Amino acid sequence: MVGLGRTLLSPLSIMIPGIYKHARCRNNIYPGSDVRRYPVPDEEVCWSVPYPDYQPSLYEAPALKGKEWADLPVEHPNFTAKWNQLDGSVNRASFIGEYEINDGYPLNPFGRTGLRGRGLLGRWGPNHAADPVVTRWKTDSQGQRVVHEVTGLPLLQMCAIERHDCGEWAIPGGMVDPGEVVSTTLKREFLEEAMASTSETGEVEKFFATGTEVYKGYVDDPRNTDNAWMETVAVNFHDELGTVVAGFNLHAGDDAAKVKWMDVNGEVKLYASHASIVRKVVDMLDGHW
């Protein structure tokens, strides 16, 4: 990724379909609806395993209708797609490899979710997001790093937002716009969700100019379906000395109910796969988990 420093890829980004079992997007009611997913046992998640009784409902959120950022229905006469590649300004290629097309519909490469259609997602196939993990070391009143009493490792804090839609704490990320480079998305989403501003000071520009990619791949998101799923690029922007982010005026944007500096450890509960992403950041920086 241009301008984002070195890369640290997760093992999840190279796992084969069927091994990574859906947890957040299976055997529950779809978010924002009363539609229940068709039951999918662990052993029948993978498409290669026969599941003759599998009859998931088709659901697309009413909010998608007429939206410029959303695809048309697959069966619409004006809808054409170039799967597994750049389709105009829309990137329909997956980070984890080529996905299959069945009867005109892309298939979730990590298997069955119990629901057909797009649900709340705007794109058929991969929906690309970017997650800026902004971190600093926790310090005491004297400005000294706080270490864990057992491990002796320093405690890390991340900038987290509380999502309006589900009330869960999350990384302040968002969707990559068509034609947009990920580095722009990372900065834009942090400004919009955690600073409630699109103005860019020189300090903010400099801080987001470099970062370390910690994950690029599939996300076990509760919005995923058999035909549409979330993928993300997560990049860590770390303030080693705590002199930069301390000057940021954190303020929840339109998509966030609250924003705060959150201590991160093994007990943290975050939206979707965000906890596993944050864990990679902690391990990379040699902090306490």
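Just so it is clear, the model here is predicted, and its values are computed rather than measured.

Asker: Would you mind going over the overall build of the protein chain in detail, with residue names and values included?
Answerer: Summing up its helical and strand segments, the protein chain has three helices and 13 strands in all. Taken over the C-alpha trace, the protein chain has a radius of gyration of 20 Å; the compact-globule value for 289 residues is 19 Å, and the two agree within 12%. Over its C-alpha atoms, taken along the principal directions, the protein chain stretches across nearly 65 × 40 × 35 Å. The proportion of buried residues among the 289 residues of the protein chain is 49%. Restricting the contact set of the protein chain to residue pairs at least 6 apart, pairs at least 24 apart contribute 70%. Accessible surface, the protein chain: about 14,000 Å² in total, of which carbon and sulfur atoms supply 51%. In the protein chain, 28 side chains carry a positive charge and 40 a negative one; their mean positions are 1 Å apart.

Asker: Quick rundown of the nonpolar core? Include the residues and the values.
Answerer: In terms of nonpolar packing, the biggest core is built from 29 residues, with Met158, Met262, Leu270, Ile277 and Val278 touching the most fellow members. Of all the elements in the fold, those that place two or more residues in this core are strand S7 (125-137), strand S8 (156-163), strand S11 (212-218), strand S12 (228-239), strand S13 (256-264) and helix H3 (274-285). Setting aside anything within four residues of it in sequence, one finds Ile277 in contact with Val133, Ile171, Val214, Tyr215, Thr232 and Ala234. Formed by 23 residues, the second largest nonpolar core is a distinct cluster that contains Ile161, Val204, Phe207 and Val259.

Asker: Outline the environment of Asp263, listing residues and values.
Answerer: Secondary-structure assignment places Asp263 in strand S13. Judged by its relative accessible area of 31%, Asp263 is partly exposed. Expressed as a C-alpha distance, the spacing of Asp263 and Val278, which sit 15 residues apart in the sequence, is 11 Å. Sequence-distant contacts of Asp263, that is, excluding residues within four places in its chain, are made with Lys138, Leu156, Gln157 and Val268. Of the polar contacts made by the side chain of Asp263, one reaches the side chain of Lys138; its length is 2.6 Å. There is a polar contact of 2.8 Å between the side chain of Asp263 and the side chain of Gln157.

Asker: Let's hear about unusual backbone geometry: which residues, and what values?
Answerer: In this model, Asp103 sits at a positive phi of 55 degrees, which is unusual for a non-glycine residue. The phi dihedral of Ala272 is positive, around 50 degrees, even though this residue is not glycine. Topologically, Ala272 is positioned in the loop between S13 and H3.

Asker: Just give me the short version of the environment of Pro31, but keep the residues and values in it.
Answerer: One can find Pro31 in the segment before strand S1 (57-60). A residue is classified by how much of its surface remains accessible, and Pro31, at 25% relative accessible area, is partly exposed. For the pair Pro31 and Asn224, spaced 193 residues apart in sequence, the C-alpha to C-alpha distance is 10.0 Å. Leave out the neighbours within four places in its chain, and Pro31 touches Leu120 and Pro222.

Asker: Talk me through the environment of Glu180; I want residue IDs and the actual numbers.
Answerer: For Glu180, the position within the fold is in the loop between strand S10 (174-175) and helix H1 (182-194). Looking at Glu180, the relative accessible area reads 18%, which means it is buried. Placed 130 residues apart in sequence, Glu180 and Pro50 show a C-alpha to C-alpha distance of 39 Å. Apart from the residues lying within four places of it in its own chain, the contact partners of Glu180 are Met175, Thr185 and Arg188. In terms of polar contacts, Glu180 uses its side chain to reach the side chain of Thr185, at 2.7 Å.

Parameters at a glance
- Residues numbered from 1 in each chain as written.
- Predicted model: local features only at pLDDT ≥ 70, side-chain atom pairs only at ≥ 80, totals over all residues.
- Heavy atoms only, no water.
- Helix = DSSP H or I, 4+ residues; strand = E, 2+ residues; numbered from the N terminus.
- Rg over C-alpha atoms; globule rule 2.2 N^0.38 Å.
- Buried < 20%, exposed > 50% of the residue type's maximum accessible area, 1.4 Å probe, protein only.
- Contact = heavy atoms within 4.5 Å.
- Areas by Shrake-Rupley, 256 points an atom, 1.4 Å probe, with all protein chains shown as cover.
- Lys, Arg positive; Asp, Glu negative; His and termini not counted.
- Charge placed at Lys NZ, Arg CZ, Asp CG, Glu CD.
- Core = buried A, V, L, I, M, F, W, Y, C linked by side-chain atoms within 4.5 Å.
- Polar contact = N/O pair within 3.5 Å; in protein donor to acceptor, adjacent residues only side chain to side chain.

What is shown is where atoms sit, not what they do.
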